[in-house]
Amino acid sequence: MTDIDSQFLRGLFDEEGSLYAGRGTALYRLYGVEGLLYVGISTCPLTRVRTHLRDKPWGPDVIGIRIEYPADAEEAERQAIRAERPRHNDTYNGRPEEIWTRLADRLCADITAGRMLPGERLPSPRKLAASEGVAVWVGERAYKVLRERGLVRSVPRRGWIVAAG
């Protein structure tokens with residue numbers, strides 16, 4: 001990154017390193033010479049970008065940013081990571097044995113936040129895998145992790161459902 005670019009980026013932040021983002025959660029993308037480096041979400045995206053520039057080993061490679069405010073930032077982030085394949089997102093680039101845990105963690109967050117209700121039927125492991133862009137066995141393993149946590153159960157002829165609290 002040239003001095004002019006870094007001065008410009010640093011100039012976007014106030015003295016506390018923050019910028020008010022009153023429009024909700026933003027989806028941000030960080031670009032380098034070789035293309036998309038990272039996709040993330042934050043309620044204060046420029047502060048988050050500043051952290052990446054300072055703390056990540058690839059931070060100095062950032063030459064551009066794009067920020068938008070989609071209605072559902074979490075879903076937009078998942079779709080962007082799946083479709084655009086950023087170089088430094090662990091969600092896309094993680095080792096296969098870690099992907100099912102991340103998927104289970106994301107589903108766990110949806111369940112505990114009430115976005116999935118007790119008794120609600122979950123997509124089949126095959127449909128889950130297709131929607132997440134992973135192998136079927138990854139979807140199956142994620143559901144097994146959730147079953148071990150007591151969050152879902154398998155019901156014959158119904159499939160996987162959210163367990164009662």
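The chain is annotated in an unreviewed UniProt entry as GntR family transcriptional regulator from Streptomyces justiciae.

Secondary structure summary: the chain contains seven helices and five strands in total. Its helices and strands in sequence order give the chain the pattern α-β-β-α-β-α-α-α-α-α-β-β, from N to C terminus. Counting only residues that meet the buried cut, the chain has 38% of its 165 residues in that class. In the chain, once contacts between residues fewer than 6 apart in sequence are set aside, the share between residues at least 24 apart is 59%. A total accessible area of about 9900 Å² is found for the chain, and carbon and sulfur atoms account for 49% of it.

Per the stated rule, a full pass over the model turns up eleven salt bridges. For the salt bridge of Glu75 with Arg78, the shortest nitrogen-to-oxygen distance reads 3.0 Å. Here Arg78 and Glu75 lie together in helix H3 (residues 73-84), a separation of three residues that amounts to about one turn. Taking the relative accessible area as the measure of exposure, Glu75 reaches 25% and is therefore partly exposed. In this structure, Glu132 engages Arg82 in a salt bridge whose closest nitrogen and oxygen atoms are separated by 3.6 Å. Taken together, the residues Glu132 in helix H6 (residues 125-132) and Arg82 in helix H3 connect sequence positions 50 residues apart. Classification of Glu132 by relative accessible area gives buried; the value is 17%. Through salt bridges with shared partners, one network takes in Arg29, Arg66, Glu68 and Glu84.

The rules behind the values
Residues numbered from 1 in each chain as written. Predicted model: local features only at pLDDT ≥ 70, side-chain atom pairs only at ≥ 80, totals over all residues. Heavy atoms only, no water. Helix = DSSP H or I, 4+ residues; strand = E, 2+ residues; numbered from the N terminus. Buried < 20%, exposed > 50% of the residue type's maximum accessible area, 1.4 Å probe, protein only. Contact = heavy atoms within 4.5 Å. Areas by Shrake-Rupley, 256 points an atom, 1.4 Å probe, with all protein chains shown as cover. Salt bridge = Lys/Arg side-chain N within 4 Å of Asp/Glu carboxyl O.

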